[in-house]
Structures are given as structure tokens and as C-alpha cells.
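# Summary of structural features
The chain contents come next:
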Amino acid sequence: LQDLWRELNTYTLFASTSFVPVSSIPEDELQQFTKEEKGQIKQRLLIFEAQIVENFHPEQEQLRFINERLDYLIQAVDRLNRFDWKAQAFSTLTSIAVNLTLDTEGGKKLVHLFIHLFDFLTTRLLSGM
């Protein structure tokens, strides 16, 4: 059988560049959020949770799942840089959409609710997504 891991290692050993150049991540995306941004993010995540309830009417178990994911995202804003938090936010949105068993239109609505609340960070949060 073909050893794909060895081929990957061979490629990275002899290639002049990696798969994702480090320079592709803007320097400011590797910075932490400011104190003001952290406060706004935390406040808006709570609003986002209320909007999910209002728009999608999750069952009790779904709501517990959503609360856990958004609480994790709230805590993550204090320890993750902008780039990593953005990835975590995208993962959280995806897991919430799956948990709510949203169709394409419902998923779009969920993302638009998120984007609307985070318009002050939209270019940073969604660039590269």
C-alpha cells in the first residue's frame, strides 16, 4: 500500500514552501483582542444566543448544547488570538447549525444573525472564511 504520510513528509522536507505559508496570516490576526473588543464580543454572544432562541425555537436539549458552545466561545475570547478565535467561532456556528438540523436557508439565517451582531469586527472575523 502507498504510505501517504511518508509522501507528505517527503514533500514538506524538499518543498521550498509549506502548504499554508505563515505569511498568509496577517500579523494583526495573531494579536489578542483589546479589552473593549472582548467586552463587546461577550455581550453580543449573549444577544446572539437570545436571537437563536427567538428565531429557531430550540428544544431544551438543543438549548443546553447551544449554551455550552457559546459559553466556551465567550471564555475563548480571553485566551485565543483573533485568528484562532475566528476559527473557533466558525466551528461553533457550524456545530449549532448541525445541532438545530437547519437546512441551507436556516444556516444562512444563522450566519447572517452572527454577522449582523459582529459588524464592528466583520472584516477581521470573516476575512478568509
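The following paragraphs examine the structure supplied in this document.

Conventions and cut-offs
Residues numbered from 1 in each chain as written. Predicted model: local features only at pLDDT ≥ 70, side-chain atom pairs only at ≥ 80, totals over all residues. Heavy atoms only, no water. Axes fitted to C-alpha atoms, helices over the stretch in contact; angles between N-to-C directions. Helix = DSSP H or I, 4+ residues; strand = E, 2+ residues; numbered from the N terminus. Parallel < 35°, antiparallel > 145°, perpendicular 65-115°, else oblique. Left-handed = near helix turned anticlockwise from the far one by under 90°. Contact = heavy atoms within 4.5 Å. Nonpolar A, V, L, I, M, F, W, Y, C, P; charged D, E, K, R; others polar. Salt bridge = Lys/Arg side-chain N within 4 Å of Asp/Glu carboxyl O. Core = buried A, V, L, I, M, F, W, Y, C linked by side-chain atoms within 4.5 Å. Buried < 20%, exposed > 50% of the residue type's maximum accessible area, 1.4 Å probe, protein only. Expected span 1.5 Å × (residues − 1). Phe/Tyr/Trp six-rings, centres within 6.5 Å; stacked < 30°, edge-to-face > 60°.

### Description of the packing of helix α2 (residues 35–56) against helix α3 (residues 60–76)
Where α2 meets α3, the closest approach of the two axes is 10 Å, and the angle between their N-to-C directions is 165°. The angle between α2 and α3 falls in the class roughly antiparallel. Relative to α3, α2 is oriented so that their crossing is right-handed. Across the interface between the two elements, Lys-42, Leu-45, Leu-46, Phe-48, Glu-49, Ile-52 and Val-53 of α2 pack against Leu-63, Ile-66, Asn-67, Leu-70, Leu-73 and Ile-74 of α3. Grouping the amino acids of the contact of α2 with α3 by side-chain chemistry returns 10 nonpolar, one polar and two charged.

### Some points on the pattern of salt bridges
Counted by the stated rule, this structure contains eight salt bridges. A salt bridge links Arg-44 to Asp-119, with the shortest nitrogen-to-oxygen separation between them at 3.3 Å. Here Arg-44 is found in helix α2, whereas its partner Asp-119 is found in the loop between α5 (104–117) and α6 (122–126), with 75 residues between them in sequence.

### Side note on the nonpolar core
Among the nonpolar cores identified, the biggest contains 25 residues, and Leu-45, Phe-48, Ile-52 and Trp-85 are the most heavily contacted of them. At the level of secondary structure, the elements contributing two or more residues to this core comprise α2, α3, α4 (82–99) and α5. Excluding residues that lie within four positions of it along the chain, Ile-52 makes contacts with His-57, Pro-58, Ile-66, Leu-70, Ile-96, Leu-100 and Leu-110.

### Looking at the packing of α3 against α4
At a closest axis distance of 10 Å, the pairing of α3 and α4 adopts a crossing angle of 175°. Taken together, the axes of α3 and α4 are roughly antiparallel relative to one another. Listed contacts from α4 to Gln-62, Phe-65, Ile-66, Arg-69, Leu-70, Tyr-72, Leu-73 and Ala-76 of α3 are Trp-85, Gln-88, Ala-89, Thr-92, Ser-95, Ile-96 and Asn-99. Along the lines of polarity and charge, the residues of the contact of α3 with α4 split into nine nonpolar, five polar and one charged.

### Things to note about α3
A rise of 1.5 Å per residue sets the reference length of α3, with its 17 residues, at 24 Å; its end C-alpha atoms lie 24 Å apart and thus fit the reference within 8%. Regarding α3, the residues found buried are Gln-62, Leu-63, Phe-65, Ile-66, Leu-70, Leu-73, Ile-74 and Ala-76.

### As for the packing of aromatic side chains
Enumeration according to the criterion identifies four aromatic pairs in this entry. Geometrically, the ring pair formed by Phe-33 and Trp-85 is edge-to-face, given 5.6 Å between the ring centres and 90° between the ring planes. Of this pair, Phe-33 sits in the loop between α1 (4–14) and α2 while Trp-85 sits in helix α4, placing them 52 residues apart in sequence. For the pair shown, Phe-33 and Trp-85 are each scored as buried. Between the aromatic rings of Trp-85 and Phe-118, the centroid separation amounts to 6.3 Å while the plane-to-plane angle is 50°, which identifies the pairing as tilted. Placement of Trp-85 in helix α4 and of Phe-118 in the loop between α5 and α6 is noted, with a sequence separation of 33 residues between them. Overall, Trp-85 belongs to the buried group, its relative accessible area being 0%. An aromatic cluster is present here, built from Phe-33, Phe-48, Trp-85, Phe-114 and Phe-118 joined pairwise through their rings.

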